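# What the coordinates show
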Amino acid sequence: MGGRGRGRGRGKPLSFDIESLGFQNKKELPKSKEEPPPLYPPLEFKPVPLQEGEEANYLLALKQEFRGSMRESPYFIKPQSAKKDIERYSDKYQLNGQNKRQGLGWTPDWNTFPKELRIREKKPKRLKLSVKPSLSGTKLKVKGQKGDAKEAENKLKQILQAEEDGEDDDDEDDEEEEKKKKEAEGEEEEEEELYDEEDIEEGTDYALSYFDNGEDYLDADDDALEDGPVY
Amino acid sequence: MAQSQVRLGGLLLQHQYGEIVENVGTFLASKGSFALRDITDGTKLGVNEVKKALCVLIQHNMMDFEKNRRGLIEYTVHINKVLLITRYPRYIYCAKTLYGDVGEFLVEELLSHGQMLMSQVCRRVSDRITQALEEGQSMDEFQVRKTFVELVKTHFLQRVASPPSDSGDNADSETELQVMEKEMFLIPPAMDIDYSKVHSSVTSSSKRKREDGEEGDKVAKRPRSTSPLSDEKNEDAPDKGVYWHVNFTRFHQFFRDQSVLSAVNSKIDRYACEIVRTMLRISEKTTVPLAPTTHPMSSHEIFQNLPPELDLNRQTLGEYLTLLAEDKTEIVNKAGESGGGMYVLNMQKALETLCKASIESVVQERFGSKCSRIFRLLLMKRHLEQKQVEDMAMIPAKEAKELLYKLFSENFVTMQEIPKTPDHAPSRTFYLFGINMHQVSRMLLDRCYKAMGNLISRREHENTENRRLVEKSQRVDAIAASLQSSGADTTQMSEVEEMITPPERQQLNKLKHDISKLEQSELQLDETIFLLESYLPGSAAMVMY
């Protein structure tokens, strides 16, 4: 019964005679509710008090302690701090602390874990720096045409890079810089990391500069369209 | 149901392992199995973060991974195992009651680390106990190992099935795919020493001392070594590669038996409870764990296995058994007359009775005693027409109708239409009201998950609301502690303590009270969840894994 028959009786508002339910006319029918139920409906019955006793208290203490200790455990992954509104000078030093937590913080037995989950600890790479200007340069050009606000940021970065080229053995600075680079290149870099990690690790980043994933090509195309529309 | 499970699982993961694990966990729980690449795309997280999260989930046995046809590894999260996080304190407490502090620490370590080597966990536990002991005393690691072996023998701990290795160079990887069932509880030979030789007189006294010391500050944080696992070299461990984790199913079975026993105890008396306990112990040897009914056992067998201190003679035992068998809970059934009467324990029936009772009390507390009367009536008579309900419940017709419809609209009561004529005309149709226990339990279980989620998010809300205050009080406490250690006088101390104003202190106390109340509710709600889960067929609690 119900739903299916409804299509036929178009003249009537309902598919059945409401008088058979004991209503005289439609107005007597209860109105359908249009608002969601209240968030905290009034309680008709008070809930019974919780059980108390030594066992309950001990369980509670156990729970609280366990919860507290999990926060401190290496399994609790703290998210990398969100992007700052502005770059501060002090960030450089605060980041150092975080970079130490880049690894897992605990060592799984890799015999029982999938190998692909292994995170390689980053080591400073001298060679890579020489490649970078060309990469970020193209980026800069492309973005610059779009009048992107990132232009200034990129420039800043370039200057920073130049500075750091001079510095010799500050590992952590390198890591930080790498991070920045990653931010700038986003997806692209991640993809490469996924598959080319091995190569980067061994310093054969020759492929990096050589490899063109075609993203720039599309970008350039877009720009061409913007510059002079093709009819 | 799945939706509320995923929500609750997400909240639990967030509190236990952080936001990133939560993101990955909820993504996989709601979408299915995926490869690493798809997870990073789907969650918009960095590769390394996802990798870390996956490692954590695998480490805590909440995740499986498998090579798919294209050679990619696909990850699947088991939301049921994630939801067990709410029950962790209960497992720990259970281990404490059964195996003392050592058992407690062992289970606690295993739960917080997911899976560990036997040598690892034993060392850590003995270190922790040694720290807790007074100066000059130490806990023997062999004692810990002995308890560990006992826990394994009673199947409370089990080996982690080693997953398929993805290196592919293993020629005999097929055989290594899983630890065979009989090996599940096998102590590796390197660790298998005759523990009975180790005499326990020394440690038992020191253990008692420890407990004395602990009585006072049970709530206070116990010392815990925070050194991460990476500090320990597991390469040279003698039992390399054999990881252990908590066998939740065994704990669930224990909880189930315990609740049935306490039900019998409160329904009949202590003797009946002991008889059922004996029957359970006998059935441990003959019946596979978690079977709905046990093998039949004769009253003679039961009599021989009764604990001697109970002092029951054979005739009284017979009377008790008849009483139990005739009880309408049907926990004990008579299976035959041979051997002085054969008896069977029906655990499924027992669970159903318990579940029914707790649903009845839910109805009573939510809708009042009149509704509860209608509900019980329907349970008893199975199907009733509205008119019959009004008459048999002895409630005025108008009120009974209202209450019945209320139960119906809240999904506690179902309705079956039986038309007299094929046109389904309302006037010529029987409307039979009844109760579908499975449906009601499932609905309640879903509500419980929701409620649990609400409790957790409320707790989190309270915490964030008062974060500033909590941080301040922590700072003040730290200052006070450092002052005390440097030997400051009382005026200085009181000065520091006055940094928190009376209204602030009041608010702190209120916060503390609220939070412990919320957490207490979480724990007790979990008991209901456990009962409902174990009653429902094919549900998580009672599945062997």
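Residues numbered from 1 in each chain as written. Chains lettered and ligands numbered in written order. Predicted model: local features only at pLDDT ≥ 70, side-chain atom pairs only at ≥ 80, totals over all residues. Heavy atoms only, no water.

What counts here: UniProt positions are given in the numbering used here, feature names are shortened, and annotations may be inferred rather than shown by experiment.
An unreviewed UniProt entry lists chain B under the name DNA-directed RNA polymerase III subunit RPC3, with Branchiostoma floridae as the source organism. Listed under Subcellular location (unreviewed entry) in UniProt, the entry text for chain B is "Nucleus". A UniProt comment under Function (unreviewed entry) is attached to chain B, and it reads "DNA-dependent RNA polymerase catalyzes the transcription of DNA into RNA using the four ribonucleoside triphosphates as substrates. Specific core component of RNA polymerase III which synthesizes small RNAs, such as 5S rRNA and tRNAs."

The name given to chain A in an unreviewed UniProt entry is DNA-directed RNA polymerase III subunit RPC7-like isoform X1, and the organism recorded there is Branchiostoma floridae. Per UniProt, chain A has the following entry under Sequence similarities (unreviewed entry): "Belongs to the eukaryotic RPC7 RNA polymerase subunit family." Of chain A, the UniProt comment under Subcellular location (unreviewed entry) reads exactly: "Nucleus".

## Quick word on the overall build of chain A
Filter applied, for reference: Numbering of helices and strands starts at the N terminus; helices are DSSP runs of H or I of at least 4 residues and strands are runs of E of at least 2. In this scheme, a residue with accessible area under 20% of its type's maximum is buried, one over 50% is exposed, and one in between is partly exposed, where area comes from a 1.4 Å probe on protein chains only. In what follows, a contact means two residues having at least one pair of non-hydrogen atoms within 4.5 Å. Surface accessibility in these figures is a Shrake-Rupley result with a 1.4 Å probe; residues are shielded only by whichever protein chains are displayed.
The secondary structure content of chain A amounts to eight helices and zero strands. What you see in chain A, going N to C, is helices and strands ordered as α-α-α-α-α-α-α-α. Taken over 231 residues, chain A has a buried fraction of 29%. At a minimum sequence separation of 6, the contacts of chain A that also span at least 24 residues come to 65%. Carbon together with sulfur atoms contributes 53% to the accessible area of chain A, which is approximately 16800 Å² in total.

## Overview of the nonpolar core
Residue and element names in this part refer to chain B. Note the threshold: Buried Ala, Val, Leu, Ile, Met, Phe, Trp, Tyr and Cys residues that are joined via side-chain atoms within 4.5 Å together make up what is termed a nonpolar core.
Counting 118 residues, the largest nonpolar core has Leu-54, Tyr-75 and Phe-148 as the members making the most contacts within it. In terms of residue count, helix H6 (residues 88-113) provides more of this core than any other element does, 13 residues in total. Among the nonpolar cores identified, the runner-up in size contains 29 residues, and Leu-280, Met-297, Met-347 and Leu-531 belong to it.

## Quick word on the interface of chain A and chain B
How big an interface is tends to be expressed through the accessible area that disappears when the partners come together. Rule in force here: The term buried area denotes the loss of accessible surface (1.4 Å probe radius) that occurs when two parts are joined, taken as the sum for both partners. Salt bridges, as used here, are contacts in which a Lys or Arg side-chain nitrogen is within 4 Å of a carboxyl oxygen on Asp or Glu.
Taken residue by residue, the interface counts 55 residues in chain A and 70 residues in chain B. Both sides of the chain A and chain B interface together cover about 6000 Å² of buried area, and 60% of this is carbon and sulfur. Looking at the side of chain A facing chain B, the largest losses of area belong to Tyr-58, Tyr-75 and Ile-77 of chain A, adding up to 13% of the total buried there. At the junction of chain A with chain B, the criterion picks out two salt bridges.

## Considering the UniProt feature "domain: RNA polymerase III subunit RPC82-related helix-turn-helix" (unreviewed entry) in chain B
As recorded in UniProt, the feature "domain: RNA polymerase III subunit RPC82-related helix-turn-helix" (unreviewed entry) lies at residues 11-65 of chain B. With 75% helix and 9% strand, residues 11-65 of chain B has its two end C-alpha atoms placed 23 Å apart.

## Details of the confidence of the model for chain A
Predicted coordinates in areas of low pLDDT are best not read in detail. Heads up, the condition is: A residue's pLDDT is simply how confident the predictor is in it, with values from 0 to 100.
With 33% of its residues at a pLDDT of 70 or more, chain A shows a mean pLDDT of 62. Taken together, the stretch residues 125-147 of chain A has pLDDT below 50 and engages in 40 contacts with residues farther than four places along the chain or on a different chain.

## So, unusual backbone geometry
The general pattern is negative phi for most residues beyond glycine and trans for most peptide bonds. All names here are of chain B. One non-glycine residue, Asn-61, adopts positive backbone phi at about 60°. With respect to the element layout, Asn-61 can be found in the loop between helix H4 (47-59) and strand E2 (63-67). The buried category is assigned to Asn-61, whose relative accessible area is 13%. At Arg-382, a residue that is not glycine, the phi angle is positive and equals roughly 70°. Mapping Arg-382 onto the fold places it in the loop between helix H16 (369-381) and strand E10 (383-385).

## Focus: the packing of aromatic side chains
In plain terms, the rule: Working definition: rings of Phe, Tyr and Trp (its six-membered ring) pair if their centres are within 6.5 Å, and the pair is stacked with planes under 30 degrees apart, edge-to-face with planes over 60 apart, and tilted otherwise. A positively charged side chain is recorded as over a ring if its NZ (Lys) or CZ (Arg) lies within 6 Å of the ring centre. The angle to the ring normal must also be within 35 degrees.
By the definition in use, this model includes 20 aromatic pairs over all chains. Ring geometry for Tyr-91 of chain B against Phe-255 of chain B: centres 5.9 Å apart, planes inclined by 15°, an arrangement best described as stacked. Of the two residues, Tyr-91 of chain B is situated in helix H6 and Phe-255 of chain B in helix H11 (residues 248-267); the sequence distance between them amounts to 164 residues. Tyr-91 of chain B gets classed as buried once you look at its relative accessible area, which sits at 0%. Take Phe-255 of chain B: its relative accessible area is 5%, and that puts it in the buried class. Ring centres of Phe-408 of chain B and Phe-433 of chain B lie 6.0 Å apart, and the angle between their planes is 90°; on these two criteria the pair is classed as edge-to-face. Pair noted here: Phe-408 of chain B is in helix H18 (residues 397-409) and Phe-433 of chain B is in strand E12 (residues 429-434), with a separation of 25 residues, a long-range link. Through successive ring pairs, a cluster of aromatic residues spans Phe-66 of chain A together with Tyr-88, Tyr-91, Tyr-99, Phe-156, Phe-248, Phe-251, Phe-254, Phe-255 and Phe-530 of chain B. Between the NZ or CZ atom of Arg-145 of chain B and the centre of the ring of Phe-142 of chain B, over which it lies, the distance is 5.8 Å. Taking the ring centre of Phe-156 of chain B as reference, the NZ or CZ of Arg-250 of chain B above it sits at 4.6 Å.

## Notes on the packing of helix H15 (residues 347-367) of chain B against helix H22 (residues 502-535) of chain B
Residues and elements named next belong to chain B. Applied cut-off: A fitted line through C-alpha atoms represents every axis, and for helices the fit uses only the stretch in contact; the resulting angles, taken between N-to-C directions, go from 0 to 180 degrees. Orientation is classified from the angle alone, with under 35 degrees giving roughly parallel, over 145 giving roughly antiparallel, 65 to 115 giving roughly perpendicular, and any other angle giving oblique. In a left-handed crossing the near helix is turned counterclockwise from the far helix by less than a right angle, and in a right-handed crossing that turn is clockwise. Here the nonpolar group is Ala, Val, Leu, Ile, Met, Phe, Trp, Tyr, Cys and Pro; Asp, Glu, Lys and Arg are the charged ones; every other residue, Gly included, is treated as polar.
H22 packs onto H15 with a crossing angle of 135° between their chain directions and a minimal axis gap of 9 Å. Comparing their axes, H22 and H15 come out oblique. Crossing angle aside, the handedness with which H15 passes H22 is left-handed. Contacts from Gln-348, Leu-351, Glu-352, Leu-354, Cys-355 and Ser-358 in H15 reach Leu-531, Leu-532, Ser-534 and Tyr-535 in H22. By residue class, the composition of the contact of H15 with H22 is six nonpolar, three polar and one charged.

## What about helix H17 (residues 386-393) of chain B?
Given 3.6 residues per helical turn, the α-helix brings residues three or four places apart onto the same face. All names here are of chain B. Defined as follows: Of all possible arcs, the one meant is that of the directions from the helix axis to the C-beta atoms.
Buried within H17 are the following residues: Val-389, Glu-390 and Ala-393. One side of H17 carries all its buried residues, which in axial view fall inside an arc of 100°. Looking at the buried positions of H17, the neighbouring elements they touch are H16, E10 and H18. Two residues or fewer after H17 comes Met-394, characterised by a positive phi angle close to 55°.

## Some words on the sheet that holds strand E3 (residues 73-77) of chain B
Residues and elements named next belong to chain B. This is how the line gets drawn: Strands pair, by our definition, only if DSSP identifies at least two bridges between them.
The antiparallel open sheet is built from three strands, whose spatial order is E1-E3-E2. Edge strands, defined here as strands with exactly one partner in the open sheet, are strand E1 (34-35) and E2. Where E2 lies against E3, five bridges are found, and the strand directions are antiparallel. Bridge pairing in E3 links Met-63 to Val-77. Here helix H2 (residues 19-31) sits on the sheet and contacts E1, E2 and E3; the angle it forms with E3, its principal contact strand, is near 95°. The strands touched by H4 are E2 and E3; relative to E2, the strand with the most contacts, the crossing angle is about 110°.

## Let's talk about the UniProt feature "domain: DNA-directed RNA polymerase III subunit RPC3 winged-helix" (unreviewed entry) in chain B
Cross-referencing UniProt, the feature "domain: DNA-directed RNA polymerase III subunit RPC3 winged-helix" (unreviewed entry) maps to residues 359-435 of chain B in the present numbering. Taken end to end, residues 359-435 of chain B is 56% helix and 19% strand, and its first and last C-alpha atoms sit 11 Å apart.

## Quick word on the packing of H17 of chain B against H18 of chain B
All names here are of chain B. Two numbers describe how H17 lies on H18: the axes approach to 9 Å, and their chain directions differ by 115°. The hand of the H17/H18 crossing is right-handed. Between H17 and H18, the contacting residues are Gln-386, Val-389 and Glu-390 on the first element and Ala-397, Ala-400, Lys-401, Leu-404 and Tyr-405 on the second. For the contact of H17 with H18, a count of residues per class yields five nonpolar, one polar and two charged.

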